[in-house]
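For reference, the chains in residue letters:
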2 protein chains.
Amino acid sequence: MLGSCGSCGQCLHCEARSRSICSVIDPDHVARLAQYSHRLAVSPGKTFIQEGEAASDFFIVTSGHAKLFSLMPDGRRQIMGFAQAGDFLGLASGATYAFSAEALGSLSLCRFSRAGLALLRREFPDLENRLMEEASRELVQAQKSMMLLGRKTARERLASFLLEQHQRSPTREIVIHLPMSRTGIADYLGLTIETVSRTLNALQREKLIAISQVTQITLLNLPALEILARGG
Amino acid sequence: MLGSCGSCGQCLHCEARSRSICSVIDPDHVARLAQYSHRLAVSPGKTFIQEGEAASDFFIVTSGHAKLFSLMPDGRRQIMGFAQAGDFLGLASGATYAFSAEALGSLSLCRFSRAGLALLRREFPDLENRLMEEASRELVQAQKSMMLLGRKTARERLASFLLEQHQRSPTREIVIHLPMSRTGIADYLGLTIETVSRTLNALQREKLIAISQVTQITLLNLPALEILARGG
DNA sequence: CGTTGTGTTGACAACAGTCAAACATGGTGG
DNA sequence: CCACCATGTTTGACTGTTGTCAACACAACG
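Quantities reported herein were computed from a predicted structural model and do not represent experimental measurements.

Right, let's talk about the sheet that holds strand β8 (residues 209-213) of chain A for a bit. All names here are of chain A. What the 3 strands build is an open sheet, ordered β7-β9-β8; its pairing is antiparallel. Two strands bound the open sheet, and with one partner strand each, they are β7 (175-177) and β8. Geometrically, the sheet is characterised by an average inter-axis angle of 25° between neighbouring strands, direction not taken into account. The sheet contact formed by β7 and strand β9 (residues 216-219) spans 3 bridges and is antiparallel. Bridge assignment links His 177 to a residue of β9, and that residue is Gln 216.

Next up, the structure:
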């Protein structure tokens, strides 16, 4: 019997396993992780990372979704990304966190102290590679977002967003379920909720998508969406 | 006598030293770097990294400036950042480069093969830390850009840009010299050249800055610029 | 001196934002 | 079970910031 991972109690069998830390740790030593980490449940809507506070911990999402965002003094909000099972939280931090994080629905995390993680990195070189690989992946994703926010139209942003959600879903079905509200989509894409709503409905009228429920969208024409998303 | 670094011939005495790779390598072993790297001069305007090509190399800027950008099929351009002495190029890459890079003026680089860098990382754990630290720094910077592109007005973007240039200059003088053209600024801030020109002149009329030459701007009122840049 | 590239300025257009109202949705308690 | 309310979403009318197109200024350079 495989049993559960020493660190998060579920890494060895949950969907997140293949991308989590456990996957690069020699099974004989997985128990070592438990010394530096513990599980954490976050209730819906709770902010569990506050921008600007000392970055003492590092997290791995084991189930649920979170939004990572930053606020301007007058309340304008930019969402940097959404994290789901297997994602790392806290790579983009110096001495303090560079973003806030809030649970979308209920959320389970695996928390590592940064000091503990530093020790583990020395002990397991594969872990080091895994973190670096993840940092590169996030950097590439951030650059895609910069192109989206700086140069794409509202239609192109929505098409890009829907395809991104599609690609991140475990099943890759053409029906996607959105864990965030219209406000979440707007703050991620640098738009207003009205523009998000109008644009989604325009895409529906053009038969590129079908909005069955507010948070459930069917991608009816993937090739057309892909052309739209990359801008021609 | 200190002499020059085995890898780039100048890391040990150039301005970039403190942030370069050499600074974390035991001086006795610095010559090992030379086995995996060599110097490279790039002429002005030359594209030396092509988005989408196999990411076989990793670079460190030793002098000059480069712009990192991505293009859409119809020619829309987003500049992800400007690199100067000491900056790393190529962290944001999977199998292929996620961006193109072009020299602004003449540029000197130190090139490492990725395979060689992988060997060096195993050999020098401090190098591993240095790369991770740099990846975090870039990630934080990318998130600031996302806020800028998604939520800031043209005035706020220009103020943010000028302060960023100010903070990156080695001298921290209030007179800053821009290595890029108006097109470069526009493509970095997600604006058009006309808006950049109009907005800079508006800031000048309001006595926040003075434009002595096209590429030379004096920051006359740092506190006001900071308030503007963060949005109130 | 023309010529070319780059930057500035003006008139106008358009995409997305703002404000407001109507409309769903979902939960709660009578 | 349904009325009620709170929250979130859609739709409409209008505004405004930024983009587009075009003319012009200016410097660098042969």
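Often, the extent of an interface is quoted as the loss of accessible area on bringing the components together. Taken together, the contacts link 46 residues of chain A with 47 residues of chain B. Between chain A and chain B, a total of about 3,900 Å² is buried, with carbon and sulfur atoms accounting for 62% of that surface. For chain A, the biggest contributors to the area lost against chain B are Met 132, Met 146 and Arg 151 of chain A; these three give 20% of the whole. Counting every contact that joins chain A to chain B gives 4 salt bridges. Across the salt bridge formed by Glu 156 of chain A and Arg 76 of chain B, the nearest N and O atoms sit 2.8 Å from each other.

What follows covers the environment of Glu 164 of chain A. Residue and element names in this part refer to chain A. Residue position: Glu 164 is located in helix α4 (residues 154-168). Spatially, the C-alpha atom of Glu 164 lies 9.9 Å from that of Ala 229, the residues being 65 residues apart in sequence. Here Glu 164 is in contact with Gln 141 and Tyr 188, once residues within four sequence places are set aside. Side chain to side chain, Glu 164 and Tyr 188 meet in a polar contact 2.8 Å long.

A separate point is the packing of aromatic side chains. Tallying each qualifying case throughout the model produces 8 aromatic pairs over all chains. Ring centres of Phe 48 of chain A and Phe 59 of chain A lie 5.8 Å apart, and the angle between their planes is 80°; this geometry places the pair in the edge-to-face category. Taken together, the residues Phe 48 of chain A in strand β2 (residues 47-49) and Phe 59 of chain A in strand β3 (residues 57-71) connect sequence positions 11 residues apart. When sorted by exposure, Phe 48 of chain A lands in the same class as Phe 59 of chain A, which is buried. By way of ring pairs, the aromatic residues Phe 82, Phe 161 and Tyr 188 of chain A are connected into one cluster. The side chain of Lys 67 of chain B reaches across the aromatic face of Phe 69 of chain B, ending 5.7 Å from its centre.

Scoring rules and cut-offs
- For every chain, the first residue of its written sequence is number 1, and the numbers climb from 1 along that sequence.
- Chain A is the first chain written and ligand 1 is the first ligand written, with later ones labelled in order.
- Whole-chain, interface and lining totals are the exception, using all residues; otherwise, since this is a predicted model, local features are given only for residues with pLDDT of at least 70 and side-chain atom pairs are given and counted only at 80 or more.
- In computing side-chain values, all of the structure's heavy atoms are included and hydrogens and water are not.
- Paired strands are those between which DSSP finds at least two bridges.
- Helix and strand assignments follow DSSP, with helices taken as H or I runs no shorter than four residues and strands as E runs no shorter than two, numbered in order from the N terminus.
- Here, axes are lines fitted to C-alpha atoms. For helices the fit covers the stretch in contact, and angles between N-to-C directions go from 0 to 180 degrees.
- Any two residues having at least one pair of non-hydrogen atoms within 4.5 Å are treated as being in contact.
- Accessible area that two parts lose when put together, evaluated with a 1.4 Å probe and summed over both, is termed the buried area.
- One side-chain nitrogen of Lys or Arg within 4 Å of one carboxyl oxygen of Asp or Glu is enough to make a salt bridge.
- Polar contact criterion, stated in full: a pair of N or O atoms within 3.5 Å, where within protein one must be able to donate a hydrogen and the other to accept it, and residues adjacent in sequence count only if both atoms are side-chain atoms.
- Only rings of Phe, Tyr and Trp enter the pairing, Trp through its six-membered ring, and a pair is recorded when the two centres are within 6.5 Å. The plane angle decides the type: under 30 degrees is stacked, over 60 is edge-to-face, the rest tilted.
- Relative accessibility decides the category of a residue: with a 1.4 Å probe and only protein chains considered, values under 20% of the type maximum give buried, values over 50% give exposed, and everything between is partly exposed.
- Lysine NZ or arginine CZ positioned within 6 Å of the ring centre and within 35 degrees of the ring normal marks a charge as sitting over the ring.

These figures come from the coordinates and say nothing about function on their own.
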